[in-house]
Amino acid sequence: MKPETRDQAVHRPGPSKQENKKHKTGRHRSKGILEILKKGRSAQNSAKSKANHQLGRMERRNQAKILRKSKTENVLIEKRRSLNVPHLVAVIPLSNNVFVNEKLMEMINVLQKADVKLKTAVASEGYSHLWVEQFKQGFTFIRPDCSSVLGLLDTLKVVDTILFMVSAEGGFDQDVDLLMTCILAQGLPSTVVAITDLEKIPLKKQNEAKQFIQKDIENWLPDEKVSKIDTSSDILNVLRRISSQKKRPITFRDRRPHLLAEELAFIPSSDDNVGTMKVSGFLRGQTLSVNSLIHIPGWGDFQMEQIDLSSNNFIKSFSGKDVQTTVLETASPGLQEKLICENIPDPMDAEQTWPTDEEMKEATSKNKRMIKRVPQGMSVYQSAWIPDEESDHDDENSESDEGSDDFYSIEDETSDNEIKSMIDDHIETMSMTSSASEAPIDADKYDLQFDINEEEKILTKIKEAKADQMFPDEVDTPNDMPARIRFQKYRGLQSFRTSPWDVKENLPAEYARIFQFENFDRTRKRIFKNLENITGAVPDWYITVHVKNIPAKMFHSRDARNPIVLFGLMPHEHKMSVLNVVLKRPSTVHFDEPIKSKSELIFQCGFRRFTAEPIFSQHTNGNKFKYERFFHQDSIVVATMFAPIVYPPSSVIAMKYCTDGSFQIIGNGNILSVNPDRVIVKRTVLSGHPFKVHKHSAVVRFMFFNREDIDWFKPVELRTKYGRRGHIKEPLGTHGHMKCGFDGQVKSQDTVCLNLYKRVFPKWTYNQFYNVTK
């Protein structure tokens, strides 16, 4: 071949040249070579997804058949249970002229005159038992006291059906809105609405009266149909509907064992102050173990001695089954849960040290603030020669917990006795002037109906709530106190959402007394999963529970109109922790009075009732939540308080006790979590006004009133209400003017804000012994 010359073209392969796959020789590769080839990559999960199998025609038929068979078996099981357990029915009148006892007696008399086979009996607690041979079903009618809202709610926690009675002649009562709002917020069981006294209305207007009641009841129960209950056929139709309708589930009740007391007995012990209470009734819900704890609403948590299998005379009369009283379980001291609800702080555990009395006295003497009265114009060197005067007010505690951002302490030379004498003189002067003025008699009677001090407090709350809505979190800087001392507990944040905040920092002493879960959701799922593995008294059995250490005064002073209800507690539900509940204002009840944070409220959390003074925060996502000073009308807040653990889901009702002795529902919702690490941050906004504006800089005044405060808060970022951001550059003069730089043009009508933050904690104000009849 001739050698190539420079003039000849040379072929070079392009990017699309074909590259054949290299031949694998089958040579063995060692582990070391495989590690080198992997280059540190980890093997992916090679689990194959299950193929989607399309069911054929016969398979779909078989699946539907199995599902239909299981539903039929569940219905049959429910019917067999109803032969031994009566249906609990609470009769609630919605009209003033409906008397429940008379109506029940009238219903029984109408059925007996119509030759309907039935048996009646009255329990020792006043319940009416009714057995209808036609339905093979027993009914237990409970007549709760509707004048006590809390006692009524305790009764409705365990009933299967609510029978609302409305008079066609009298119409609805005025308190129906409050009553229905509480019932719906707690959890509504199955309902039946019956209209009475329809024969007292002319025949031509009976249909119109029924339609009027039907329209009104749809405001609370949209799918409910009103039934008549005058004749024997109407009564049988209502009873048939009660026995055959599906029971509406209530989660917090169905997941716990509960019992309505039909028979009560008290056996005093050697100590006359306490004794053993024997409670008999049908167990419902879940299995009850004698080693667990029980809760009686309004009374507290107690231990059990033993559980007996007893017989009910009414059930024995129509079923023919006689059950001998036998002991099912006896409490074991080693396995029984203790009533310890608070943790004992360890004095050697880091920040949970418990100071002694000597250390407290020494700290009190050291923390006394020294006050100097210096003449105007005197220098710091000259003021050092003036003797100091001690003050018992501590700078750290000078802020009021109720409204620390709105008020500050002012030292005065007037003593407490002089102030009291001035107040007494002022009251005497007011009383003399009021008595001297001749007012009409009607005005005097009207003035006796309300408290003028309460009126002034409500007016102050309304003004503060309006100011909080118009200018949220804004606080005036005090003139006679340095801002760096007034807001020394606060800090600045670069970003409220992303800036870190240590959840264990500066915890109060009360946090050493509570219990905390390592993973609350995991513990809750495990407990719910193990409900089927509990051994003890089975639901639908008529049992007698021996509850020990019941105060004799509490048993003998109970209100007989409100029944006794027992709830079995899950593990850890008697221990104290930090409870977070979501609340919103009910739309059906109008309550215009503002609810301030740390106000005393009555909480109905599922089966438990107590009083507390919660703090409110926003219901948002994130790791920090802004503190809310007021629970406004159209807002949703999270109330945080110290309370016993309650596993969600569970309904929550928040009520306020009024001065006239009534209750007013101010919010309803559910339990959010049991989490002491929820960081609630209180924001304080210091505002200033642009004095001179030049491009991206401005002179701001009225935010501070001395030069030292400007240097102290210089690192904190500034924000304006129109969206500008900036920083403090330097102070100007000695009267609080400062030069600030921003990221854009600042308008003269804009407001410059400085945000400060402080974590707040709830107070230990939990009280479980709240009187139902209060």
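Up top you'll find the structure we're talking about.
If you're wondering where the values come from, they're calculated on a predicted model, not measured in any experiment.

> Which residues make up the overall build of the protein, and what values do they have?
From N to C terminus, the protein includes 18 helices and 34 strands. The 774 residues of the protein split such that 43% are buried. If you take every contact in the protein between residues at least 6 apart in sequence, the share linking residues at least 24 apart comes to 76%. For the protein, the accessible surface area stands at approximately 45,800 Å², while carbon and sulfur atoms represent 51% of it.

> Describe the nonpolar core, naming the residues involved and giving the relevant values.
In a soluble, globular protein the nonpolar side chains are often hidden away together inside. Judged by nonpolar contacts, the single largest core of 75 residues is most densely connected at Ile92, Phe164, Val581, Leu583, Phe603 and Phe610. Beyond its immediate stretch of four places on either side in the chain, leucine 583 contacts Phe603, Phe631, Ser635, Ile636, Val637, Ala639, Val652, Ala654, Gly667, Asn668 and Gly669.

> Can you break down the pattern of salt bridges residue by residue, with the values?
Counted according to the given criterion, the structure contains 21 salt bridges. Measuring nitrogen to oxygen at the nearest pair gives 2.5 Å for the salt bridge that ties glutamate 133 to lysine 136. We classify lysine 136 as partly exposed; its relative accessible area is 41%. Salt-bridge contacts for glutamate 474 lead to lysine 721; the nearest nitrogen and oxygen are separated by 2.6 Å. Residue glutamate 474 is found in strand E16 (residues 474-475), and its partner lysine 721 is found in the loop between strand E31 (718-720) and strand E32 (725-732); the two are separated by 247 residues along the sequence. Each of Lys103, Glu106, Asp197 and Lys200 takes part in one network of salt bridges that share partners.

> Give me the lowdown on the environment of proline 614, citing residues and values where you can.
Tracing the chain through its elements places proline 614 in the loop between strand E22 (608-612) and strand E23 (615-618). Discounting chain neighbours no more than four positions away, the residues touching proline 614 are Ser597, Lys598, Ser599, Leu601, Phe603, Ala639, Thr640 and Met641.

> Quick rundown of a nonpolar patch on the surface? Include the residues and the values.
A cluster of nonpolar side chains, Ile33, Leu34 and Leu37, forms an exposed patch at the surface whose accessible area comes to about 230 Å². Relative to the elements of secondary structure, leucine 34 occurs in helix H1 (residues 31-38).

> Give a detailed account of the environment of serine 651, specifying residues and quantitative values.
Counting through the fold element by element, serine 651 comes out in strand E27 (residues 651-657). On the basis of relative accessible area, serine 651 is assigned to the buried category, the value being 13%. Remark: the alpha-carbon pair of serine 651 and glutamine 604, spanning 47 residues in sequence, is separated by 7.9 Å. Each residue touching serine 651, except ones within four places of it in the same chain, is listed here: Ala185, Gln186, Phe252, Gln604, Cys605, Gly606, Gly669 and Asn670. In terms of polar contacts, serine 651 uses its side chain to reach the backbone carbonyl oxygen of glutamine 186, at 2.5 Å.

> Tell me about the side chain of arginine 585, residues and numbers included.
By the secondary structure assignment, arginine 585 is in the loop between strand E19 (576-584) and strand E20 (595-596). For arginine 585, a relative accessible area of 11% corresponds to the buried category. Among the polar contacts listed, one links the side chain of arginine 585 to the backbone oxygen of phenylalanine 631, at a separation of 2.9 Å. Polar contacts involving the side chain of arginine 585 include one to the side chain of glutamine 633, which spans 2.9 Å. Look past the residues within four positions of arginine 585 in its chain and what remains in contact with it is Phe591, Glu593, Ile595, Phe631, His632, Gln633, Ser635, Ile666 and Asn668.

> If you had to explain the pairing of strand E5 (residues 161-167) to someone new, which residues and values would you point to?
In terms of residue burial, E5 counts as a mostly covered element, since seven of its seven residues are buried. The alternating pattern of E5 places Thr161, Leu163, Met165 and Ser167 and Ile162, Phe164 and Val166 on opposite faces, both of which are buried. Sheet topology note: the strand E1 (residues 87-93)/E5 ladder contains five bridges and is parallel. Directly across from valine 89, in E5, lies its bridge partner threonine 161. Pairing of E5 with strand E6 (residues 190-196) involves seven bridges; the strand directions are parallel. Bridging from a neighbouring strand, valine 166 pairs with isoleucine 195 of E6. Handedness of the crossover joining E5 and E6 through helix H5 (residues 176-186) is recorded here as right-handed.

> I'd like a description of the pairing of strand E21 (residues 601-605), backed by residues and values.
Burial runs high along E21: five of the five residues are buried. On E21, burial covers both faces: Leu601, Phe603 and Cys605 on one face and Ile602 and Gln604 on the other are all buried. Two elements, E21 and E22, share five bridges in a ladder whose sense is antiparallel. What sits directly across from glutamine 604, in E22, is arginine 609. Between the end of E21 and the start of E22, which pair antiparallel, lie two residues, with glycine 606 showing a positive phi angle near 65°. One ladder, built from four bridges, connects E21 with E27; its direction is antiparallel. Its bridge partner being in E27, phenylalanine 603 is matched across the sheet by alanine 654.

Rules used in this analysis
- Residues numbered from 1 in each chain as written.
- Predicted model: local features only at pLDDT ≥ 70, side-chain atom pairs only at ≥ 80, totals over all residues.
- Heavy atoms only, no water.
- Helix = DSSP H or I, 4+ residues; strand = E, 2+ residues; numbered from the N terminus.
- Buried < 20%, exposed > 50% of the residue type's maximum accessible area, 1.4 Å probe, protein only.
- Contact = heavy atoms within 4.5 Å.
- Areas by Shrake-Rupley, 256 points an atom, 1.4 Å probe, with all protein chains shown as cover.
- Core = buried A, V, L, I, M, F, W, Y, C linked by side-chain atoms within 4.5 Å.
- Salt bridge = Lys/Arg side-chain N within 4 Å of Asp/Glu carboxyl O.
- Patch = residues over 30% accessible without salt bridge, like charges linked within 9 Å, V, L, I, M, F, W, Y side chains within 5 Å.
- Polar contact = N/O pair within 3.5 Å; in protein donor to acceptor, adjacent residues only side chain to side chain.
- Pairing = 2+ DSSP bridges.
- Right-handed = clockwise from strand over helix to strand, strands pointing away.

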